[in-house]
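Fold and geometry: a report
Listed here are the chains, written in short residue letters.
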Amino acid sequence: MVFKLSPASPAGKWLGFVTAVWVQAISGNNYTFSNYSDALKSLMGLTQLQLNSLSVAKDVGKAFGLLAGLASDRLSTPVILLIGSIEGFIGYGVQWLVVSRRIQPLPYWAEETQHVDDGDSGNMHSEFPGKNRGPVSGILKGYVGLSTAIFTDICSALFADDPAKFLVMLAIVPFVVCLTAIFFLREIPPSSTAAEESDETKYFGVVNVLAVIIALYLLAFDISGPHGGLFSQVFAAVLLVLLASPLSIPIYLAGQSFIRSCANTVDAEKSVTEPLLAAEAEKKVAATSLAEVAEKRRPVLGEEHTIMEVLKTVDFWILFGSFLCGVGTGLAVMNNLGQMGLALGYADVSIFVSLTSIWGFFGRILSGSVSEYFIKRAGTPRPIWNAASQILMAVGYIMIMAIMPSLYVGSIVVGICYGVRLAVTVPTASELFGLKYYGLIYNILILNLPLGSFLFSGLLAGYLYDAQATRTAGGGNTCIGAHCYRLVFVVMAIACVIGFGLDVLLSIRTKSVYGKHIR
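Since the model is a prediction, treat every value here as computed from it, not as a measurement.

Side note on the overall build of the protein chain
The helix and strand inventory of the protein chain stands at 21 helices and two strands. Taking all 519 residues of the protein chain together, the buried fraction comes to 54%. Partitioning the contacts of the protein chain with sequence separation of at least 6, the portion at a separation of at least 24 is 84%. Just so you have it, the protein chain exposes about 22,300 Å², and 68% of that area is on carbon and sulfur atoms.

Some thoughts on the side chain of Asn 477
By the element assignment, Asn 477 lies in strand 2 (residues 477-478). A distance of 2.8 Å separates polar atoms of two side chains, one belonging to Asn 477 and the other to Asp 466. Setting aside residues up to four positions removed in sequence, Asn 477 forms contacts with Lys 41, Leu 46, Thr 47, Gln 48, Tyr 465, Asp 466, Ala 469, Thr 470, Arg 471 and Thr 472.

Examining the state of the cysteines
Throughout the structure, instances matching the rule amount to one disulfide. The disulfide that involves Cys 479 links it to Cys 484, with 2.0 Å between the sulfurs. Taking the sign of the torsion about the S-S bond as the criterion, the disulfide between Cys 479 and Cys 484, at about -90°, is left-handed. Look at Cys 479 and you get buried, because its relative accessible area is 4%. Of all cysteine sulfurs, the one in Cys 325 lies closest to Cys 496, which takes part in no disulfide; the gap is 7.1 Å. With relative accessibility at 0%, the residue Cys 496 sits in the buried group.

Remarks on the UniProt feature "transmembrane region" (unreviewed entry) in the protein chain
According to UniProt, the feature "transmembrane region" (unreviewed entry) maps to residues 166-185, 206-224, 230-253, 316-334, 340-362, 383-403, 440-465 and 485-506 in the numbering used here. With 95% helix and 0% strand, the stretch residues 206-224 has end C-alpha atoms that lie 27 Å from each other.

Criteria and thresholds
- Residues numbered from 1 in each chain as written.
- Predicted model: local features only at pLDDT ≥ 70, side-chain atom pairs only at ≥ 80, totals over all residues.
- Heavy atoms only, no water.
- Helix = DSSP H or I, 4+ residues; strand = E, 2+ residues; numbered from the N terminus.
- Buried < 20%, exposed > 50% of the residue type's maximum accessible area, 1.4 Å probe, protein only.
- Contact = heavy atoms within 4.5 Å.
- Areas by Shrake-Rupley, 256 points an atom, 1.4 Å probe, with all protein chains shown as cover.
- Polar contact = N/O pair within 3.5 Å; in protein donor to acceptor, adjacent residues only side chain to side chain.
- Disulfide = S-S within 2.5 Å.
- UniProt positions renumbered as here; feature names shortened; annotations may be inferred.

What follows is the structure in structure tokens.
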């Protein structure tokens, strides 16, 4: 009997999922700006406002997620991966040419265009909704959270935080991974029996445990101080092994299938209709006759909404506003970590970038599980966890001001709260407004990323830093001391308090919806 590894087989299905995990593990490069921002600022003689405008341009690229969402309905997965990989390769490749001084710095407008391209590249491989939305989304979003720490720590271990080599890595690694994923990432069937569902839950648990091990491993490297060359090389090698370890699941399943085929075991491949990593469930086309006959009425929270119906609800705009307060202030910190660290006298800011990424992973993983538990046990509205993250973030900003100079607390708090906000807001939107237009609703919500980046990073942090800074000989400016960002943190703490109020209001308004989920 000839052994074939088809996408519909258990091994083929999990090979596709592991490939999706790897794609997500290289998708967080948009959050690494602080690792090379100071090099750009020095080379181009930029003010902080101009530098922050580049970070905003990077986040504006995320707004093209609307186009990526529409493209996913019309183009195949390999084509979308190819487009995203080429965009990232060109965008970060040009940044490397500038930082490594192989070409003269580009005109400022051209530099902004390249950063938009960098940001857009991440949209081409960011959504994998399907039947197992909860565990699939949680695992994939968790690996996105780890992505920044993976890139940062490998660069620190192998290249001593050289910004030029870091940009080479951002250009080449995602490009190679996405080209490889083209051959394995497909729409694949979920389990169709109780036994297969049990195995699926077990394997999801294995991937989750591996993700936690990777996060703890990265954290141990960050907090263990300076490392020698040999130690760093061993660290990088072990990290690559850990990242490859989920591949053991499809290898194990392929081995089982091979043994069964050799023993002439009956191998009837069941036909299925619903994909595990599908673009959207396609089962809702039937049952439209009743809807056509029934009297048209405005849907209530918890029912399917059209996009126009969503945009007309007060609850959506409350969610949108609270999301802006959370992710906007979080992005301002992440985009400015480089200058914040230098202002406070830190020679190396990569540890703060890595800490934000790692604790963001824990925020994403834990908030999804905890909020789901309390929904089923007590009907606790999911937005209440957003409210908790907002008030914690506000307290964190106040602590940063009170115990300066220290960014350790700030990077951990921002990482956790930013992760909670991303992990909780997405399912909240689908629970309140339905799954039919989930992808487009999500992409409208994440318009808050460029909007928040523009308001809090581009304008607020840029203007207030420049007001405190002194001019340098190269045409840029610099500021040293805790006062450089103190007023920025005051304003962002106030914004988080406003976001807290909005989340509490939404929790009150949606209590009846979540009360139906008590088991």
